[in-house]
Amino acid sequence: MLLALVLAPAAHASGAADEYALKAAFLFNFTRFVEWPPDAFPSGDGAFRICVFGTDPFGARLDALGRRRVGTRAIEIARPSALADLPRCQIAYLGVGTPAAIEAAATANAAPTTLTVASDAAFAREGGMVALVTVSGRVRLHVNLASIRRSPLRFSAKLLEVSEVRHGGSGGGR
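This text gives an overview of the structure that appears in the document.

Analysis parameters
- Residues numbered from 1 in each chain as written.
- Predicted model: local features only at pLDDT ≥ 70, side-chain atom pairs only at ≥ 80, totals over all residues.
- Heavy atoms only, no water.
- Pairing = 2+ DSSP bridges.
- Helix = DSSP H or I, 4+ residues; strand = E, 2+ residues; numbered from the N terminus.
- Disulfide = S-S within 2.5 Å.
- Salt bridge = Lys/Arg side-chain N within 4 Å of Asp/Glu carboxyl O.
- Buried < 20%, exposed > 50% of the residue type's maximum accessible area, 1.4 Å probe, protein only.
- Polar contact = N/O pair within 3.5 Å; in protein donor to acceptor, adjacent residues only side chain to side chain.
- Contact = heavy atoms within 4.5 Å.
- Core = buried A, V, L, I, M, F, W, Y, C linked by side-chain atoms within 4.5 Å.

## Points about the pairing of strand E7 (residues 130-135)
As paired elements, strand E6 (residues 115-118) and E7 share two bridges and run parallel to each other. Note on E7: the bridge partner recorded for Ala118 is Ala131. Once E7 ends, the chain turns through two residues before running back antiparallel as strand E8 (residues 138-144), passing Ser136 with a positive phi of about 50 degrees.

This is the structure in structure tokens:
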């Protein structure tokens with residue numbers, strides 16, 4: 001599994017479909033390399049929620065994750081329309097066309113146990129936790145170390161080793 005995560009940033013995306021299949025794989029792999037505190041879930045056996053806000057570039061590629069599990073938890077894919085639902089998600093992907101949501105997630109302390117992810121290169125610089133950036137046909141992982149450290153989430157050192165660290169966006173959020 002780690003090998004797939006390490007090789008994924010170097011993999012070429014041959015088109016938008018492949019790019020978002022790869023990004024969906026990243027979202028799933030985050031469940032294996034990030035540890036959430038128990039209070040991140042509404043109940044001890046609650047589902048692990050991966051949410052997409054705004055434009056959804058994944059479609060069925062992400063829905064396929066709904067058949068998998070994170071430990072004993074079922075994965076639930078949700079597409080809420082309100083940013084107020086962010087705290088109910090363990091991973092929140094903020095899609096293209098949601099600049100207000102990206103700004104709010106990156107600067108507000110509304111969801112401390114939610115891993116915020118976007119494909120916007122500026123996201124990690126502006127305070128978001130993780131950006132999945134496509135550069136020259138390759139998906140690269142950018143992380144904001146300050147946002148990660150403020151969070152109760154625990155990132156595997158192995159995940160951080162394959163990431164490019166971005167600084168900035170001290171806005172107190174994720």
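## Notes on the pairing of strand E4 (residues 73-78)
Side-chain direction in a regular strand flips from residue to residue, so the side chains alternate between the two faces of the sheet. Sheet topology note: the strand E2 (residues 48-53)/E4 ladder contains four bridges and is parallel. What sits directly across from Cys51, in E4, is Ala78. The turn joining strand E3 (residues 69-70) and E4, which pair antiparallel and follow one another in sequence, is formed by two residues; a positive phi near 60 degrees is taken by Gly71.

## Observations concerning the state of the cysteines
Taken as a whole and judged by the stated rule, the model has one disulfide. With its sulfur 2.1 Å from that of its partner, Cys51 forms a disulfide with Cys89. Since a negative S-S torsion denotes a left-handed disulfide, the Cys51-Cys89 link at about -90 degrees is left-handed. Within this pair, whereas Cys51 is found in strand E2, its partner Cys89 is found in the loop between E4 and strand E5 (91-94), the two being separated by 38 residues in sequence.

## A word on the pattern of salt bridges
Under the defined criterion, the tally for this structure stands at five salt bridges. Residues Glu76 and Arg49 are paired through a salt bridge, measuring 2.9 Å at the closest nitrogen-oxygen approach. Residue Glu76 is found in strand E4, and its partner Arg49 is found in strand E2; the two are separated by 27 residues along the sequence. The class for Glu76 is partly exposed, based on a relative accessible area of 33%.

## Digging into the side chain of Ser163
Here Ser163 lies in the loop between helix H7 (157-161) and strand E10 (164-166). Relative accessible area serves as the criterion here: at 12%, Ser163 is assigned to the buried category. Here Leu159 takes part through its backbone oxygen, which lies 2.8 Å from a polar atom of the side chain of Ser163. Every residue in contact with Ser163, bar those within four places of it in the chain, is listed here: Leu141 and Val143.

## Some words on the environment of Ala111
Within the secondary structure, Ala111 is located in the loop between helix H4 (99-107) and E6. Separated by 24 residues in sequence, Ala111 and Pro87 have C-alpha atoms that sit 4.6 Å apart.

## Concerning the nonpolar core
Generally speaking, soluble globular proteins have nonpolar side chains that are buried together. By size, the foremost hydrophobic cluster in this structure holds 36 residues, and its most contacted members are Phe30, Leu115 and Val130. Taken together, the elements giving at least two residues each to this core come down to helix H2 (16-33), E2, E4, E5, E6, E7 and E8. Here the element with the most residues in this core is H2; it accounts for eight residues. Discounting residues that sit within four places of it in the chain, Leu115 has contacts with Phe30, Val34, Trp36, Gln90, Ile91, Ala92, Met129, Val130, Leu153 and Phe155. Ranked by size, the runner-up nonpolar core spans 13 residues in total, among them Ala78, Ala92, Leu94 and Ala131.

## Regarding the environment of Ala47
Tracing the backbone through its elements, the reader meets Ala47 in the loop between strand E1 (34-35) and E2. A relative accessible area of 25% means that Ala47 is categorised as partly exposed. The spacing of Ala47 and Ala74 is 27 residues in sequence and 5.0 Å in space, taken between C-alpha atoms. Setting aside anything within four residues of it in sequence, one finds Ala47 in contact with Phe41, Ala74, Glu76 and Gln90.

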